[in-house]
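Overview (structure and organization)
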Amino acid sequence: MLTAIHLCSSVSRRSTGVGTVALNLAKAQLRQGWDTHIWSLDRMCDVAAQPESNGFPLERVRTFEGVGPERWAWSYGLQAAVLSLKDTAGCIIHEHGIWTGISAATWSWRVRRHGVSVITPHGSLSPWALRRSRWKKALALAVYERSNLRNASCLHALSQPEAGEFRNFGLKNPIAVVPNGISAEWLCSAGDAQRFKHTFAVASGARILLFLSRITPKKGLPLLFESIKASGEAFAGWVLLIAGMDEFDHQRELETLVDQYGFRDSVRFIGPLYGDTKRDAFSAADAFVLPSHSEGSPMVVLEALGAGVPVFTTTAIPFPELLEQRAGWMVEPSVDSIGASLPDLLLRSPAELREMGNRGRALVASRFTWDIVATELSAVYLWLLGRGPQPDCVIA
């Protein structure tokens, strides 16, 4: 049996989308006959509390103690465990996310053990992302990250535009272009809209515009606030619910804008949502919004579409199928572009929005499930191990 070990700094609730991707991909590959494992720097109790794991066996999750600041995700135990792996001919290391000590472990596997490595940056090589925390990334590049990326057996891009970002960064490795997926469990689930509205005291007649992601500058919420202000009466009857974990104390900046714009009655911060409560939120939402400056392939967009909710997002999210299937809006990440298109969403009838959401759900069910994604990436793994032909998704 061939082995795939997914390295991720975290797969617990604090990991947001990247951890969910690693768990769901590993679970789908396990069903397809791979000996899959997750190695992370979590506490096991936190992994067990992650409802988005969809039942990936906990005995296949191995956790390691980190040293230094949590964001560096550095672990001598993880390094030693990677170097102790014996079967380099039948094992793949698949790294999720870069700029942390996890990359140093992958580098050791590839350069010192000559093992096969796949790296998924998850949007971390976009121009916008590279401008953030430059000093940290410059240090990481000098110490290990540049060599780790250049020596990877294959890079995994979530879209063609992201593959272009890899080339613009100077990377010449083969690139597998395979999107993220959605679980069958999510597609088959149904939330309780009334329970959600009761829990969060949302008026029964209010229409909900839902934001669910990290509350961080990258997500572009100030652009959305200005666009809502410019939309005037079109926003009457709507409420923007902002769900997610705060990063860099950004929520405090946003709350200042809420007061400045007089949004206290129509914009609310409701904290992170998990499990049934998260699914209830999508059931209650009339539309989902993600006005990001930069993204890879955010899971939350697939979750919204999988729940039958139309999506309003930006061209920073490379998902042309959204427009092709008329399941939402995709505009430039600017106040002018968002402000010009937002009223089109706000003035649509509930029936029109449901129809758009239904088209989105049909799209992801037919083309973006984890079984489809796992099949494509398994073909990439077999090719890298010398056990199959080069797949069509690979740019050599």
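Structure's up top.
Residues numbered from 1 in each chain as written. Predicted model: local features only at pLDDT ≥ 70, side-chain atom pairs only at ≥ 80, totals over all residues. Heavy atoms only, no water.

**Focus on a nonpolar patch on the surface**
On the surface, a cluster of nonpolar side chains totalling about 360 Å² of accessible area is made up of Trp-135, Leu-139 and Val-143. Checked against the element boundaries, Val-143 lands in helix H6 (residues 134-151). (Patch = residues over 30% accessible without salt bridge, like charges linked within 9 Å, V, L, I, M, F, W, Y side chains within 5 Å. Areas by Shrake-Rupley, 256 points an atom, 1.4 Å probe, with all protein chains shown as cover. Salt bridge = Lys/Arg side-chain N within 4 Å of Asp/Glu carboxyl O. Helix = DSSP H or I, 4+ residues; strand = E, 2+ residues; numbered from the N terminus.)

**Here we look at the sheet that holds strand S4 (residues 91-96)**
On the basis of which strands lie adjacent, the open sheet formed by 8 strands has the order S3-S2-S1-S4-S5-S6-S7-S14 and mixed pairing. Strands at the two margins of the open sheet, each flanked by one partner only, are strand S3 (61-63) and strand S14 (394-395). Where strand S2 (residues 35-40) meets S3, 3 bridges bridge the pair, whose relative direction is parallel. Residue pairing for S3: Ile-38 is matched across the bridge by Val-61. (Pairing = 2+ DSSP bridges.)

**Focus on the pattern of salt bridges**
A complete count under the given rule lists 14 salt bridges for this structure. With its nearest N and O atoms 3.1 Å apart, the salt bridge here joins Arg-214 to Glu-247. Of this pair, Arg-214 sits in the loop between strand S8 (207-212) and helix H10 (221-231) while Glu-247 sits in the loop between strand S9 (238-243) and helix H11 (250-261), and the two are 33 residues apart along the sequence. The class of Glu-247 is buried, set by a relative accessible area of 15%. (Buried < 20%, exposed > 50% of the residue type's maximum accessible area, 1.4 Å probe, protein only.)

**Considerations on the sheet that holds strand S12 (residues 311-314)**
One open sheet accounts for 6 strands, arranged S10-S9-S8-S11-S12-S13; its pairing is parallel. At either margin of the open sheet sits one strand with a lone partner, and together these are strand S10 (267-269) and strand S13 (328-331). Taking the axes of each pair of neighbouring strands and ignoring which way they run, one obtains an average angle of 20 degrees across the sheet. Contacting S8 and strand S11 (287-290), helix H12 (residues 275-284) runs over the sheet at an angle of about 135 degrees to S8. Strands S8, S9, S11, S12 and S13 of the sheet are contacted by helix H15 (residues 335-346), whose axis makes an angle of about 170 degrees with S13. (Axes fitted to C-alpha atoms, helices over the stretch in contact; angles between N-to-C directions. Contact = heavy atoms within 4.5 Å.)

**As for the pairing of S12**
The alternating pattern of S12 places Val-311 and Thr-313 and Phe-312 and Thr-314 on opposite faces, both of which are buried. In terms of strand pairing, S11 meets S12 through 3 bridges, oriented parallel. Of the residues in S12, the one forming a bridge with Leu-290 is Thr-313. Regarding the hand of the β-α-β motif, the stretch spanning S11, helix H13 (residues 299-306) and S12 is right-handed. Where S12 meets S13, 4 bridges bridge the pair, whose relative direction is parallel. (Right-handed = clockwise from strand over helix to strand, strands pointing away.)

**Here we look at the nonpolar core**
In this structure, Phe-225, Leu-240, Phe-282, Phe-288 and Phe-319 are the most contacted members of the largest nonpolar core, which totals 93 residues. Considering each element in turn, this core owes the most residues, 8 residues, to helix H17 (residues 370-384). With near-sequence residues (within four places) excluded, Phe-319 lies in contact with Val-301, Leu-302, Leu-305, Met-330, Leu-363 and Phe-368. Listed in part, the 17 residues of the second largest apolar core include Ile-98, Leu-125, Tyr-144 and Leu-171. (Core = buried A, V, L, I, M, F, W, Y, C linked by side-chain atoms within 4.5 Å.)

**Section: the packing of helix H1 (residues 17-31) against H17**
Between H1 and H17, whose axes approach to 9 Å, the crossing angle comes to 75 degrees. As the angle between them shows, H1 and H17 are arranged roughly perpendicular. Contact residues: H1 offers Val-21, Asn-24, Leu-25, Ala-28, Gln-29 and Arg-31, while H17 offers Trp-370, Asp-371, Val-373, Ala-374, Leu-377, Ser-378 and Tyr-381. Across the contact of H1 with H17, the residue classes break down as 8 nonpolar, 3 polar and 2 charged. (Parallel < 35°, antiparallel > 145°, perpendicular 65-115°, else oblique. Nonpolar A, V, L, I, M, F, W, Y, C, P; charged D, E, K, R; others polar.)

**Regarding the state of the cysteines**
In a disulfide, the sulfur atoms of two cysteines are held together by a covalent bond. A full pass over the atoms with the stated rule returns 0 disulfides. With no disulfide of its own, Cys-45 lies closest to Cys-8 among cysteine sulfurs, the gap being 17 Å. (Disulfide = S-S within 2.5 Å.)

**Details of the packing of aromatic side chains**
Considering all chains together, one arrives at 10 aromatic pairs under this definition. Members of the aromatic cluster, joined through ring pairs, are Trp-186, Phe-282 and Phe-288. Over the ring of Trp-39 we find Arg-62; its NZ or CZ atom is 5.2 Å from the centre of that ring. Directly above the ring of Trp-186 sits Arg-279, whose terminal nitrogen or CZ lies 5.3 Å from the centroid. (Phe/Tyr/Trp six-rings, centres within 6.5 Å; stacked < 30°, edge-to-face > 60°. Lys NZ or Arg CZ within 6 Å of the ring centre and 35° of its normal.)

**Some points on the pairing of strand S6 (residues 154-157)**
Residue alternation in S6 divides its side chains into two sets, Cys-154 and His-156 and Leu-155 and Ala-157, and both sets are buried. Bridge count between strand S5 (residues 116-120) and S6: 2 bridges; the pairing is parallel. Residue pairing in the sheet places Val-118 in a bridge with Cys-154 of S6. With 3 bridges connecting them, S6 and strand S7 (residues 175-177) associate as parallel partners. Among the inter-strand pairings, His-156 is bridged to a residue of S7, identified as Ala-176. You can see the chain leave S6, run along helix H7 (residues 160-168) and come back into S7, and the turn it takes is right-handed.

**What about the packing of H10 against H11?**
At a minimum axis distance of 11 Å, the contact between H10 and H11 shows a crossing angle of 10 degrees. Our classification of the angle between H10 and H11 gives roughly parallel. Counted together, Leu-221, Pro-222, Phe-225, Glu-226 and Lys-229 of H10 and His-250, Leu-254, Leu-257, Val-258 and Tyr-261 of H11 form the full contact between these two elements. A breakdown of the residues in the contact of H10 with H11 according to their chemical character gives 7 nonpolar, 1 polar and 2 charged.

**Some points on H13**
Across the 8 residues of H13, 8 count as buried, placing the element largely inside the fold. Positive phi shows up at Gly-308, right after H13, with a value of about 80 degrees.

As far as function goes, none of this settles anything; it's purely spatial.
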